[in-house]
Amino acid sequence: MSTIEREQFDQYMMPNYAPGDMIPVRGSGSRVWDQQGREYVDFAGGIAVNALGHVHPALVSTLTDQAGKLWHTSNVIATEPAIALARKLCEATFAERVFFCNSGGEAVEASLKLARRYCSDHYGPKKDLIIAFDNAFHGRSLFSVSVGGQPDYRAGFGPLPGGITHLPFNDVAALEAAFSDNVCAVIVEPIQGEAGVLDAEPRFLQAIRRLCDQHNALMVLDEVQTGVGRTGKLYAHEWYGVVPDIMATAKALGGGFPIGATLATAEVASSLVVGTHGSTYGGNPLACSVAAAAFDVINTPEVLDGVTHRRMLLEDGLQKISSRFDVFETIRGRGLLIGCVVSESWKGRAREFLQAAQDAGLMLLIAGGDVVRLAPSLIIPEADITEGLERMESAVAGLCAAEQKAASVS
Ligand SMILES: *Cc1c(COP(=O)(O)O)cnc(C)c1O
């Protein structure tokens, strides 16, 4: 077999991504090795997906065990792994029914189709308005990108689905002004992830819940990024004292195996009757068995409380780096979804941190041009946190030294 090289990415893959030069070939826990054998600490977690790090033994043994039993049947046939996972999700959350799919965008798509269908069934076709928020991210299908609040992401893809309005995030007055009996659903992230790790204020989510109740509208939470232990609770809305009618979950749900799910109350779910929606792969036995194994590890006090402890360690370290180099204005988010807002002189340049970190052996994320984002494994060892912070400090030191040099030359 001929060797695989980075240039071939541009030769054979569509140009919608722009990955760096590094090609990882192996991972273990929160460490990753590239083609050249260089080792990295992983603070990126595959964008909040690898909740148990890389090749967690419980997931590997479940996957290999299931691989020797049954891979796929389609949804014409019921399987044990799907029923078992649905039961776990219902027992641990507000939900009473589950629909399985393969990604976050599909989970959002099903959530909104269900909301529309439910309102159409119960109140007629006029109650179709979906309220969404500026800068929100809900996926890349045409419906999910249309509820998303980043106009760039839907430019040139029209005509777009209608009946969607966007309001400013965390603005209760705007929400109250826009609400009416024509509202079918409000879709919101408890923490806007892609938009820069922006926390919803409790009073904002509570106002959504109250207005939905007053107007017979459905509250749809997009917990694709915040769910499955990421914030130190199984789902982030548990911090806010609100309960949705419908919830989309994915990313960490499969611990790295593709799966998504839409969760709902039995009352709302009853509108998704036979023939209304479906997915060939959704509820696939491999995906569901891995997700169930991940769920059993994550939904324990040790792991969930550990998230809060690890957050403290990381935030302390990041604050220390920032107080030495003055690179971060604030550190926000919850649990192990961490957003470091860069200070004034670094605005729009978050990507430079990503690159410098990679050169120092550390994988980070960004969320827009102003925020360095961390979404590591929920069980990242303390030694890896320490090592990762050291590498981050040397990356930041390098960036700042280069900046000073450039300033003194000019
Ligand atoms: C990642 C993400 C999605 C989309 O998930 P995909 O699996 O990429 O389709 C939707 N909503 C939120 C909040 C996300 O972070």
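Quick caveat: nothing in here was measured; it's all calculated off a predicted structure.

(A) Fine view of the pattern of salt bridges. Enumeration over the complete set of coordinates arrives at 19 salt bridges. Taking the shortest distance from any N to any O, the salt bridge between Arg209 and Asp245 comes out at 3.0 Å. Taken as a pair, Arg209 in helix H8 (residues 202-214) and Asp245 in the loop between strand S10 (218-222) and strand S11 (246-249) lie far apart in primary sequence, 36 residues in all. For Arg209, a relative accessible area of 14% gives the class buried. Since its relative accessible area comes to 14%, Asp245 is described here as buried. The network of salt bridges with common partners includes Arg31, Glu39, Asp384, Glu387 and Arg391.

(B) Quick peek at the sheet that holds strand S1 (residues 24-28). Read across the open sheet, the four strands follow the order S1-S2-S3-S15; overall the sheet is mixed. The open sheet has two edge strands, S1 and strand S15 (362-363), and neither has a second partner. Strands strand S2 (31-34), strand S3 (39-42) and S15 of the sheet are contacted by helix H13 (residues 382-409), whose axis makes an angle of about 105° with S3.

(C) Representation of the packing of aromatic side chains. Applying the stated criterion across every chain yields a total of six aromatic pairs. Taking the centre distance of 5.0 Å and the plane angle of 70° together, the rings of Phe133 and Phe204 count as edge-to-face. In this pair, Phe133 is assigned in strand S5 (residues 129-133) and Phe204 in helix H8, connecting sequence segments 71 residues apart. For the pair shown, Phe133 and Phe204 are each scored as buried. A centroid spacing of 5.9 Å and a plane angle of 35° characterise the contact between Phe328 and Phe353, whose relative ring orientation is tilted.

(D) Geometry of the site of the ligand. As a structural note, the neighbourhood of the ligand is formed by Ser103, Gly104, Gly105, Phe137, His138, Gly139, Glu189, Asp222, Val224, Gln225 and Lys251. Between Phe137 and the ligand, the recorded distance is 3.3 Å, taken from a backbone N or O atom to a nitrogen atom. Here Lys251 contributes a side-chain N or O atom positioned 2.6 Å from an oxygen atom of the ligand. With the chains in place, 81% of the 380 Å² that the ligand exposes on its own is no longer accessible. Residues of the shell around the ligand, tallied by class, amount to two nonpolar, six polar and three charged.

What counts as what
- Residues numbered from 1 in each chain as written.
- Predicted model: local features only at pLDDT ≥ 70, side-chain atom pairs only at ≥ 80, totals over all residues.
- Heavy atoms only, no water.
- Salt bridge = Lys/Arg side-chain N within 4 Å of Asp/Glu carboxyl O.
- Helix = DSSP H or I, 4+ residues; strand = E, 2+ residues; numbered from the N terminus.
- Buried < 20%, exposed > 50% of the residue type's maximum accessible area, 1.4 Å probe, protein only.
- Pairing = 2+ DSSP bridges.
- Contact = heavy atoms within 4.5 Å.
- Axes fitted to C-alpha atoms, helices over the stretch in contact; angles between N-to-C directions.
- Phe/Tyr/Trp six-rings, centres within 6.5 Å; stacked < 30°, edge-to-face > 60°.
- Near = heavy atom within 4 Å.
- Polar contact = N/O pair within 3.5 Å; in protein donor to acceptor, adjacent residues only side chain to side chain.
- Areas by Shrake-Rupley, 256 points an atom, 1.4 Å probe, with all protein chains shown as cover.
- Nonpolar A, V, L, I, M, F, W, Y, C, P; charged D, E, K, R; others polar.

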